Amino acid sequence: PGFAPPYLVPDARGAVWRAAAAAAAQHHTGDAHCTTKKSPLDHNDTSAGSFDQHYCVDASLVDGGDAVQAVIVSISGEGPMGDNVAAGFIGQLARRHRAVVVGLEHRFYGHSVPQPADHALADQLKYLSVEQALADVNDLIQTVVASRWPGVPVLVV
């Protein structure tokens, strides 16, 4: 019933998904280069200030002679982001599609916590929202990704 990519089709016994088995069998050790970019606290009012937002780039799954065919932007969950941004299923996708993986740490977590300057941190929590987090992703794509890999398709996961 319906289309399922071959790597998501149940095995002959119907109990184990190939993607889960492959993720468990392959462990990527993390070859990411991590740095920060300035992100506005409020994408609708840049006068509210900015903070350093942590992101990592892992191009190790693209073979040396191959051109990058895609960029996978991975949004870390609500917690600190490790440097192994191409682990598990994301690594499988990157290998299959010759993609660079760019992991973006969620605002107010890990290394991406705004430092209170003119405002107390409690006052800044109003900027911890889904809308601001999605604007961070858009900003990363427009600045970092578009400048390094212009014209390359971007998949956000």
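A quick note: this is a predicted structure, and the numbers were derived from the prediction, not measured.

The final tally for this structure, using the stated rule, is 2 cavities of 30 Å³ or more. A volume near 40 Å³ is recorded for the second largest cavity. Around the second largest cavity sit Gln53, Ile75, Leu104, Glu105, His106, Arg107, Ala133, Asp136 and Val137, which together line it. Here the lining of the second largest cavity gets 3 residues from one element, more than from any other, and that element is helix α4 (residues 130-148). Class assignment for the residues of the lining of the second largest cavity results in 4 nonpolar, 2 polar and 3 charged.

Using the criterion set out here, one finds 1 disulfide in the structure. Here Cys34 connects covalently by a disulfide to Cys56, the sulfurs 2.1 Å from one another. Looking along the S-S bond of the Cys34-Cys56 disulfide, the torsion reads about 105 degrees, which is the right-handed sense. Within this pair, whereas Cys34 is found in strand β1 (residues 33-40), its partner Cys56 is found in strand β2 (residues 50-58), the two being separated by 22 residues in sequence.

Now for helix α2 (residues 88-97). When α2 is considered as a whole, its buried residues turn out to be Ile90, Gly91, Gln92, Leu93 and Ala94. At the exit of α2 stands Arg98, carrying a positive phi of roughly 50 degrees.

Within soluble globular proteins, side chains that are nonpolar generally end up buried alongside one another. Counting residues in each nonpolar core, the largest one holds 15 residues, and the members touching the most others are Tyr55, Val71, Val73, Val102, Leu140 and Trp149. Among the elements of the structure, β2, β3 (70-75), β4 (99-104) and α4 are those that each provide at least two residues to this core. Considering each element in turn, this core owes the most residues, 5 residues, to α4. What Val71 contacts, discounting residues up to four positions off in sequence, is Ala99, Val100, Val102, Val145, Trp149, Val152, Pro153, Val154 and Leu155. With 13 residues, the next largest nonpolar core counts Cys56, Val85, Ile90 and Leu93 among its residues.

About the cut-offs
Residues numbered from 1 in each chain as written. Predicted model: local features only at pLDDT ≥ 70, side-chain atom pairs only at ≥ 80, totals over all residues. Heavy atoms only, no water. 1 Å grid on protein atoms, 1.4 Å probe; cavity = no way out; pocket = protein on both sides within 12 Å on 5 of 7 lines; lining within 4 Å. Points joined across faces, edges and corners; volume = space filled by probe spheres on them. Helix = DSSP H or I, 4+ residues; strand = E, 2+ residues; numbered from the N terminus. Nonpolar A, V, L, I, M, F, W, Y, C, P; charged D, E, K, R; others polar. Disulfide = S-S within 2.5 Å. Buried < 20%, exposed > 50% of the residue type's maximum accessible area, 1.4 Å probe, protein only. Core = buried A, V, L, I, M, F, W, Y, C linked by side-chain atoms within 4.5 Å. Contact = heavy atoms within 4.5 Å.

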